[in-house]
Structure formats: structure tokens, C-alpha cells
Amino acid sequence: MTTDELKSKTQYVHISIPYYPEDNLITFDDGVMTELECDEDFVPPMLNTDDMRLEMTIDIKEGRLVEWNKYNEYLRMQAKVMDSGTYTLLDAEKKPIWQICGYVPNRLIPSFEIEGDYGDYIELEINSNGTISNWKKEIDLSVFAKEGHEPKPIKTNKWHKAEDALRYIQSKNLNGEEFNWLIEQLNKR
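Residues numbered from 1 in each chain as written. Predicted model: local features only at pLDDT ≥ 70, side-chain atom pairs only at ≥ 80, totals over all residues. Heavy atoms only, no water.

**Student:** Got a minute to help me understand the overall build of the protein chain in this structure?
**Tutor:** Within the protein chain one finds four helices and 10 strands. Counting the 189 residues in the protein chain, one finds 42% classified as buried. For the protein chain, contacts bridging at least 24 residues in sequence account for 67% of all contacts bridging at least 6. Carbon and sulfur atoms form 48% of the exposed surface of the protein chain, whose accessible area is close to 10700 Å². (Helix = DSSP H or I, 4+ residues; strand = E, 2+ residues; numbered from the N terminus. Buried < 20%, exposed > 50% of the residue type's maximum accessible area, 1.4 Å probe, protein only. Contact = heavy atoms within 4.5 Å. Areas by Shrake-Rupley, 256 points an atom, 1.4 Å probe, with all protein chains shown as cover.)

Quick look at the structure:
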């Protein structure tokens, strides 16, 4: 699909990324900055606790989270996605159009690490009304046109957990050759 076709059809982007405890969630309440940690006292507003993924739908023209409920004055989220995010463009009726899996499409999604290109990070500065203050004014869907594909069926929570576990193992313990061997063994089953 071309960039112009995507731009004419797209109203929303749905983001699904793993939540890691080391991700930074910062809020300001009455001017006081507090770093938040996911525990029984605080669950991030976009967190799907069944599979520990941040799930959010953003109106790309308004730069506003659709499912947002007022949360204090402000929430800043910095997340390292580790190439395991899913970014799905949706039409006005929220039906999937086109999708990218892996790297963050930073030409659309704000990042503090790499501006204007693929990256591993997402940074959203969310105001109490759900608008994202660092959302880009110009919508750039070119990376979806170049790298995207028709949306894949939604994976189950078990698949997300297994995929996240494998990525964690790869990042902490295994070199590339060992990790590929493990994947081959799992595929044989």
C-alpha cells in the first residue's frame, strides 16, 4: 500500500508493546515529580495485566489516546521496546489496515533516543486530557508503506508471554548462535 493510500485511510494507530519493570513512568501531581513502579499501588493506565503489555490506541491526527481516563496532571512514559512491538494502523471504524512488527516506527511514534528513524524506544508525554504533547504534527506513514504488511491475526496472551521470555533470554544469556539453536529446537516440536 502506498503512503498516500495509508494516509487517506488511517485515523488511529494501535500500539502493543511489552511492559518491563525498568521502563520509566513519571507523573507530576501538583507540580511534584514522582517516578512510578508497577505494583499493587499503581497500574499504568494502558497496561494489560493479563500479559504485561502496554496497549494503547492513538488518534494520529489529534495526537490523543482514545482509551485515556484522567490520570493526575501528566504522565511521561519511556519504554524500551526491544524490537517486540506491534504497531497497527486502523481506519475510522478502528478496523486494522496495515501493520509493522518489531522496531518502533519513530517517524510516527515519538522517541527520546532516535529522532525521525527506526528505534528501540518510545517516549510519550501524556496530559491529563489524554493528548500527547510531544506528538508529531506532520503524520509520516512512509515506513508503514515500505516495511508494513497486512495485519496478522491477534496472538494469544500465551504467545506474547513466550515471545517476551525468549527475547529476554536472548538479551541476557544467549549469543545469537545459541538463540537460533533454541528457536530451531522449539520449531521442531
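Moving on from the model shown.
**Student:** When you look at unusual backbone geometry in this model, what are you seeing that I'm missing?
**Tutor:** Most peptide bonds take the trans configuration, and most residues that are not glycine carry a negative phi. Phi is positive for K94, close to 65 degrees, though the residue is something other than glycine. Mapped onto the elements of the fold, K94 is located in the loop between β8 (85-90) and β9 (96-102).

**Student:** Please clarify how the environment of N69 should be interpreted in this entry.
**Tutor:** Its location among the elements puts N69 in the loop between β6 (64-65) and β7 (74-80). With 59 residues separating them along the chain, N69 and S128 place their C-alpha atoms 7.9 Å apart.

**Student:** Please clarify how the side chain of Q99 should be interpreted in this entry.
**Tutor:** In this fold, Q99 is placed in strand β9. Side chain to side chain, Q99 and T88 meet in a polar contact 2.8 Å long. Apart from residues lying up to four places away in sequence, Q99 is in contact with T86, Y87, T88, F144, G148, H149, P151 and K152. (Polar contact = N/O pair within 3.5 Å; in protein donor to acceptor, adjacent residues only side chain to side chain.)

**Student:** I tried to follow the packing of aromatic side chains on my own but got confused; where do I start?
**Tutor:** Evaluated as defined, the whole model comprises zero aromatic pairs. Sitting over the ring of Y12, K94 keeps its end group 5.2 Å from the ring centre. (Phe/Tyr/Trp six-rings, centres within 6.5 Å; stacked < 30°, edge-to-face > 60°. Lys NZ or Arg CZ within 6 Å of the ring centre and 35° of its normal.)

**Student:** Quick question: what am I supposed to make of the side chain of Q11 here?
**Tutor:** Here Q11 lies in the loop between α1 (3-9) and β1 (12-18). Here D59 takes part through its side chain, which lies 2.9 Å from a polar atom of the side chain of Q11. Each residue touching Q11, except ones within four places of it in the same chain, is listed here: I58, D59, I60, K61, L90, D91 and A92.

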